[in-house]
Amino acid sequence: GDSVTQMEGPVTLSEEAFLTINCTYTATGYPSLFWYVQYPGEGLQLLLKATKADDKGSNKGFEATYRKETTSFHLEKGSVQVSDSAVYFCALMNAGNNRKLIWGLGTSLAVNP
Amino acid sequence: GAGVSQSPSNKVTEKGKDVELRCDPISGHTALYWYRQSLGQGLEFLIYFQGNSAPDKSGLPSDRFSAERTGGSVSTLTIQRTQQEDSAVYLCASSLTSGRDTQYFGPGTRLTVL
């Protein structure tokens, strides 16, 4: 079945450091790919998405490119801030699977000033 | 505009009791999803509604779990004879249609079974 694997955390960075959180997937067909973020004490929010190969999703300085050849959707940000401290979830949605989201386990990010 | 709302925000119950969790989706959203977030298991899909119908119940972990949706709006997830392993955060999400639309999540209900 479909699955998502993302790098384990926690990840601890200093402010202004470069961030990469790896995400790879296994799926039949052509899924859509998502990054959701959960800030402390808050609900899940969509961060960015990509619906087809080579699409780049971007938001709040974060980017991820849908790479079908490597089945990856790695999340990157050039300069993290303390306010980026959160848990990040990679997920896929497969149209042939009733559009439910299949999730990675989440990666906790802590950014220190 | 109003987002997805869920109630209660927290529920503590004793093993063996029944609980009902409520979800109010964004107005006009036809698709509604329930997920469960638990330590060590991550986020798991439970059930999906399109209108009042549930085409996919494949994630419900046992027959103690059931859900309904009325009027194409509010949904209730019921857990009968709760067990300690049911302790988790139950999340509801809605989307405009059942296509590739973004799912918007509520704040969740934290269920603790003693």
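The rules we used
Residues numbered from 1 in each chain as written. Chains lettered and ligands numbered in written order. Predicted model: local features only at pLDDT ≥ 70, side-chain atom pairs only at ≥ 80, totals over all residues. Heavy atoms only, no water. Pairing = 2+ DSSP bridges. Helix = DSSP H or I, 4+ residues; strand = E, 2+ residues; numbered from the N terminus. Axes fitted to C-alpha atoms, helices over the stretch in contact; angles between N-to-C directions. Buried < 20%, exposed > 50% of the residue type's maximum accessible area, 1.4 Å probe, protein only. Polar contact = N/O pair within 3.5 Å; in protein donor to acceptor, adjacent residues only side chain to side chain. Contact = heavy atoms within 4.5 Å. Core = buried A, V, L, I, M, F, W, Y, C linked by side-chain atoms within 4.5 Å. Buried area = accessible area lost by both parts, 1.4 Å probe. Salt bridge = Lys/Arg side-chain N within 4 Å of Asp/Glu carboxyl O. Nonpolar A, V, L, I, M, F, W, Y, C, P; charged D, E, K, R; others polar.

## What about the sheet that holds strand β9 (residues 75–77) of chain A?
Residue and element names in this part refer to chain A.
Item 1. Taken in spatial order, the 4 strands line up as β3-β9-β8-β7 in an open sheet, and their pairing is antiparallel. At either end of the open sheet lies a strand with only one pairing partner, and these are β3 (19–21) and β7 (56–59). Across this sheet, the average inter-strand angle for adjacent strands is 15°, counted without regard to direction.
Item 2. As paired strands, β3 and β9 are joined by 3 bridges and run antiparallel to one another. The residue of β9 that forms the bridge with T20 is E76.

## Remarks on the side chain of B:T102
Item 1. If you trace the backbone, B:T102 turns up in the loop between β9 (88–95) and β10 (104–105).
Item 2. The buried category is assigned to B:T102, whose relative accessible area is 9%.
Item 3. A distance of 3.1 Å separates polar atoms of two side chains, one belonging to B:T102 and the other to A:K49.
Item 4. Contact partners of B:T102, with chain neighbours within four places excluded, come to A:Y36, A:L46, A:K49, B:S94 and B:S95.

## Points about the nonpolar core
Item 1. A:W35, A:L47, A:L48, A:F73, A:L75 and A:Y88 are the most contacted members of the largest nonpolar core, which has 27 residues in total.
Item 2. Every element with two or more residues in this core is listed here: β2 (11–14), β3, β4 (23–26), β5 (32–38), β6 (44–50), β8 (62–65), β10 (86–93) and β12 (107–112) of chain A.
Item 3. With 4 residues, β10(A) is the largest single contributor of residues to this core.
Item 4. Formed by 19 residues, the second largest nonpolar core is a distinct cluster that contains B:L21, B:I47, B:L60 and B:A88.

## A closer look at the interface of chain B and chain A
It is common to give the size of an interface as the accessible area lost on bringing the parts into contact.
Item 1. Facing 20 residues of chain B, the contacting portion of chain A comprises 20 residues.
Item 2. Together, the buried faces of chain B and chain A total about 1700 Å²; carbon and sulfur atoms form 53% of this surface.
Item 3. At the surface where chain B touches chain A, the tally comes to 1 salt bridge.
Item 4. Across the pair A:K100 and B:D56 runs a salt bridge, and its minimum N-O distance is 3.6 Å.
Item 5. The interface formed by chain B and chain A contains 5 residue pairs in polar contact (both at pLDDT 80 or more).
Item 6. Put simply, the parts of the chain that give the side of chain B that touches chain A at least two residues each are β4 (31–38), β5 (42–50) and β6 (53–56) of chain B.
Item 7. Tallying contributions element by element places β5(B) first for the side of chain B that touches chain A, with 4 residues.
Item 8. For the side of chain B that touches chain A, the per-class residue count stands at 8 nonpolar, 9 polar and 3 charged.

## Some remarks on the pairing of β6(B)
Residues and elements named next belong to chain B.
Item 1. Pairing of β5 with β6, which is carried by 2 bridges, proceeds in the antiparallel orientation. From the neighbouring strand, Y48 faces β6, where its bridge partner is D56.
Item 2. Connecting the antiparallel pair β5 and β6 is a turn made up of 2 residues, with G51 showing a positive phi of about 65°.

## Here's the deal with the sheet that holds strand β7 (residues 65–69) of chain B
Residues and elements named next belong to chain B.
Item 1. Spatially, β1-β3-β8-β7 is the arrangement adopted by the 4 strands of the open sheet, whose pairing is antiparallel. A strand with exactly one partner marks an edge of an open sheet, and here the two such strands are β1 (5–7) and β7. Averaged over neighbouring strand pairs, the angle between their axes works out to 15° when direction is ignored.
Item 2. As judged from the 5 bridges shared by β7 and strand β8 (residues 75–79), these two strands associate in the antiparallel manner. Residue pairing in the sheet places S66 in a bridge with T78 of β8.

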